[in-house]
Structures are given as C-alpha cells and as structure tokens.
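Residues per chain are reported as follows:
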Amino acid sequence: DGGITQSPKYLFRKEGQNVTLSCEQNLNHDAMYWYRQDPGQGLRLIYYSQIVNDFQKGDIAEGYSVSREKKESFPLTVTSAQKNPTAFYLCASSTASYGYTFGSGTRLTVV
Amino acid sequence: SQQGEEDPQALSIQEGENATMNCSYKTSINNLQWYRQNSGRGLVHLILIRSNEREKHSGRLRVTLDTSKKSSSLLITASRAADTASYFCATDWGAAGNKLTFGGGTRVLVKP
C-alpha cells in the first residue's frame, strides 16, 4: 500500500531536550511538508521541501529543524529553542498541484 | 496572512440533513482544497477546485468557488453520522506552487 507513515504516534519531551519526529512516504512524491496543529485550531506550516536536499521555512519555523537527504524521508527535529512544543504534528506529501496525502500524526507533549 | 476562514466554526445537524460550510480568503489563488479530519487523525483530501472552475461534485459533496467574492462553499448532502468530523479549507496561492494555507476549520456533528 502506498502511503505516508509518521512515528511515533505519541512522544514525550523533557524540558531542554531535542526530539525527532519521523515521516516516511512511498508515494514517490517530490514535495513534503510539516504542519503543527494546536487544539481546536487549523494547521500552521513549519517547513516544506519541494526536492531532495532543499527545504524552506514556513510560517512558524523557529525552534524546529528538518533535513531532506532522501526523497522518501523528511524528519522534523523539535529543539529546546521551541518553548511551547506541545501540539499535534502532521506530515504530508504531494505531487504537482494535487491534494496532499497526510500521515496519521504525532502527538508531542512536554513533561 | 492568506489564511482561509471557515464559517460557521461549528455545526450540528440531524442525519439526513444537508450541511453547508463556507470559506473566505484574502488574495488570488491557484486552487482551493477541502479536507476532512476525524478526531485525533490526519487530514483526508476531499476535493480540489481550480481558480478557473466554479463548481465541482464528488459523491455527496458539492464545492463552489466564487473568485470575485474570494469565497468557497462545501455542501454535504444527506449527511450521515460518519460525516462527523472537522472540515478545513486550504488555499494554494503562492508562486512556489502547492504550498497550502489552512483555515481554522468547521466542526460538524451529525446526530443519528
């Protein structure tokens, strides 16, 4: 089955700790995206990548970092500089001007 | 910001009734898309309407686009309990292509 896989489903972060969220797709899509969703809110763009080895900041990139070394993979690191990281993180991929395919999300909580 | 705004924020209807929600945006777009999100899940793409289209249908879904008013509507006909979800509009507006900006969503409750 083609799809996009996010892991882990739940993640707990201690103060001052960096954590990495995984996103893998086997759809052969060129573009990949990371969004953050807060309770009862819409999605806000963190980073996006349209081709391998290239990525761009979105609207709320501060405190986050990404890499795109392979077409299939677009991991997101939430650094200690992100002061309010508790949220639901969604990864998506797309090709040309078509709809996004989303993963099932990672819920990150600061403990 | 280019963010779309959905209206209403929440909607409660009986099974079998129609549900209509609206989306407004601020600047010219390449296309507008609607997504559904069940609680705690990822989003599912429902329909894409391009800026030169006025209406599209997909099963029980009907989407309209009025670029002069910078607005779109999503109609779900003959709603079912399984349609209970949040619905988001998203606009593709930049030269970068297919970078979407999402609205805040409409939460729909379909009562059996």
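Residues numbered from 1 in each chain as written. Chains lettered and ligands numbered in written order. Predicted model: local features only at pLDDT ≥ 70, side-chain atom pairs only at ≥ 80, totals over all residues. Heavy atoms only, no water.

(A) Expanded view of the overall build of chain A. Tallying secondary structure elements over chain A gives zero helices and eleven strands in all. Beginning at the N terminus, the succession of helices and strands in chain A can be written as β-β-β-β-β-β-β-β-β-β-β. When burial is assessed residue by residue, chain A has 49% of its 111 residues classed as buried. Summed over its atoms, the accessible surface of chain A is roughly 5,400 Å², and 46% of this surface lies on carbon and sulfur atoms. For chain A, the distance from the average position of its 11 positive side-chain charges to the average position of its 10 negative side-chain charges is 7 Å. (Helix = DSSP H or I, 4+ residues; strand = E, 2+ residues; numbered from the N terminus. Buried < 20%, exposed > 50% of the residue type's maximum accessible area, 1.4 Å probe, protein only. Areas by Shrake-Rupley, 256 points an atom, 1.4 Å probe, with all protein chains shown as cover. Lys, Arg positive; Asp, Glu negative; His and termini not counted. Charge placed at Lys NZ, Arg CZ, Asp CG, Glu CD.)

(B) Highlighting the sheet that holds strand S1 (residues 5-7) of chain B. Residue and element names in this part refer to chain B. Strand order across the open sheet formed by five strands is S1-S3-S8-S7-S6, with antiparallel pairing between neighbours. Two strands close off the open sheet at either side, each with one partner strand: S1 and strand S6 (55-58). Neighbour to neighbour, the strand axes of the sheet diverge by 15° on average, direction disregarded. As paired strands, strand S7 (residues 61-66) and strand S8 (residues 71-76) are joined by six bridges and run antiparallel to one another. Across the sheet, the residue bridging to Arg 62 is Leu 75, located in S8. (Pairing = 2+ DSSP bridges. Axes fitted to C-alpha atoms, helices over the stretch in contact; angles between N-to-C directions.)

(C) Representation of the sheet that holds strand S8 (residues 76-78) of chain A within the structure. All names here are of chain A. One open sheet holds the four strands; their spatial order is S1-S3-S8-S7, and the pairing between them is antiparallel. Strands with a single pairing partner mark the edges of an open sheet, and in this sheet they are strand S1 (4-7) and strand S7 (64-66). Neighbour to neighbour, the strand axes of the sheet diverge by 20° on average, direction disregarded. Of the pairings in the sheet, the one linking strand S3 (residues 19-25) to S8 comprises three bridges and is antiparallel in character. Its bridge partner lying in S8, Leu 21 is registered against Leu 76.

(D) View of the nonpolar core. Residues and elements named next belong to chain B. Core analysis: the biggest nonpolar cluster contains 21 residues, and Met 21, Leu 32, Trp 34, Leu 46, Leu 74, Ile 76 and Tyr 87 have the highest contact counts within it. At the level of secondary structure, the elements contributing two or more residues to this core comprise strand S3 (19-24), strand S4 (31-37), strand S5 (43-50), S7, S8, strand S9 (85-92) and strand S11 (106-111). Not counting residues within four places of it along the chain, the set of residues in contact with Met 21 comprises Asp 7, Pro 8, Trp 34, Ser 72, Ser 73, Leu 74, Ile 76, Tyr 87, Thr 106 and Val 108. (Core = buried A, V, L, I, M, F, W, Y, C linked by side-chain atoms within 4.5 Å. Contact = heavy atoms within 4.5 Å.)

(E) Summary view of the environment of A:Ser7. Residue and element names in this part refer to chain A. Mapped onto the secondary structure, Ser 7 falls in strand S1. Judged by relative accessible area, which is 34%, Ser 7 ranks as partly exposed. The contacts of Ser 7, once residues within four sequence positions are left out, are Leu 21, Ser 22 and Thr 106.

(F) Representation of the state of the cysteines. All names here are of chain B. All told, the structure shown has two disulfides over all chains when counted by the stated rule. The disulfide partner of Cys 23 is Cys 89, and the gap between their sulfur atoms is 2.0 Å. Between Cys 23 and Cys 89, the S-S torsion sits near 65°, and that sign places the bridge as right-handed. Remark: Cys 89 occurs in strand S9 and Cys 23 occurs in strand S3; sequence separation between them is 66 residues. Using a relative accessible area of 1% as the deciding quantity, one classes Cys 23 as buried. (Disulfide = S-S within 2.5 Å.)

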